[in-house]
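Fold and geometry: a report
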Amino acid sequence: MGSERGDEYKRPCSLGEGTGSKEPDYSAAPQWATASRLVPTHQEDFVGFSYGFRPGRSQHDALDALAFGIARTPVNYILDCDVRSFFDSVSHDWLVRFVEHRIGDPRVIRLIRKWLKAGVMEDDTWSATESGTPQGSVVSPTLANVYLHYCFDLWAERWRHRQARGNVTYVRYADDSAPRRREGVFMI
């Protein structure tokens, strides 16, 4: 008996599922190991309103936090932000600097640099990457969180405490955020 996908469908049995290769994608194992070390190291630094790609936090938790903030606090403004082409435009130099704040092992830093510079293969043509994180890689969400922590989260915390008037609540999931403001004009 065939499935809805047809009789010829066979599930890929490699780490690089869907790549079309019969060989396992061995680059995923070191990325997984690196990500599993980066997460606990940076987890204690991440701010409370950051929900994306973190253990024990999901997009549903982010939506619940936003709904709770809206329901429990008078709201005058809601600003929904989505960083355009974020994963394509991350600065490699700054990302490595941010990782180096907490990771002192030069071998890990060298691996991350190699993954960032690995390039892209499209239609049998390889092209170098000067910015961005590897789309679909195991380590990419963790690196994105580290980058956004230093570029957005710390700035937002500082702005809220030094310049904001009224109640301000942020909820960020990956490169999407929904800052909410109680009084006056909200400016980013």
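Residues numbered from 1 in each chain as written. Predicted model: local features only at pLDDT ≥ 70, side-chain atom pairs only at ≥ 80, totals over all residues. Heavy atoms only, no water.

**Considerations on the nonpolar core**
Put simply, the rule reads: In these notes, a set of buried Ala, Val, Leu, Ile, Met, Phe, Trp, Tyr and Cys residues joined through side-chain atoms within 4.5 Å is what counts as a nonpolar core. Only protein chains enter the accessibility calculation, which uses a 1.4 Å probe; a residue whose area is less than 20% of its type maximum is buried, one above 50% is exposed, and one in between is partly exposed. The way it works is that DSSP assigns letters per residue, a run of H or I at least four long becomes a helix, a run of E at least two long becomes a strand, and they are numbered from the N terminus. Residues are treated as being in contact if the distance between any of their heavy atoms lies within 4.5 Å.
In this structure, L38, F86, L95, V99, I112, L143 and Y170 are the most contacted members of the largest nonpolar core, which totals 29 residues. Elements represented by at least two residues in this core include exactly helix 1 (28–43), helix 3 (86–89), helix 4 (92–100), helix 5 (106–116) and helix 6 (140–162). Broken down by element, the residue count for this core peaks at eight residues, all from helix 6. In this structure L38 touches V99, I103, I112, V139, T142 and L143, once residues within four positions along its chain are discounted.

**A short note on the packing of aromatic side chains**
Keep this limit in mind: The rule is short: rings of Phe, Tyr and Trp, with Trp giving its six-membered ring, pair when the centres are within 6.5 Å, and they are stacked under 30 degrees, edge-to-face over 60, tilted in between. Charge over a ring is defined by NZ of Lys or CZ of Arg lying within 6 Å of the ring centre and within 35 degrees of the ring normal.
Applying the stated criterion across every chain, the model contains nine aromatic pairs. Centroid distance F98 to Y150: 4.8 Å. Interplanar angle 15 degrees. Geometry classified as stacked. Taken together, the residues span a long stretch of sequence, with F98 in helix 4 and Y150 in helix 6 at a distance of 52 residues. Taken together, a centroid distance of 6.1 Å and an interplanar angle of 45 degrees make the contact between F152 and W155 tilted. Note that F152 and W155 are positioned in helix 6 at a spacing of three residues, about one turn of the helix. Ring pairs connect the aromatic residues F86, F87, W94, F98, Y147 and Y150, which therefore count as one cluster. Above the face of the Y51 ring, R57 is positioned so that its terminal group lies 4.7 Å from the ring centre. The ring of W94 has R97 sitting right over it, with the charged end atom 4.3 Å from the ring centre.

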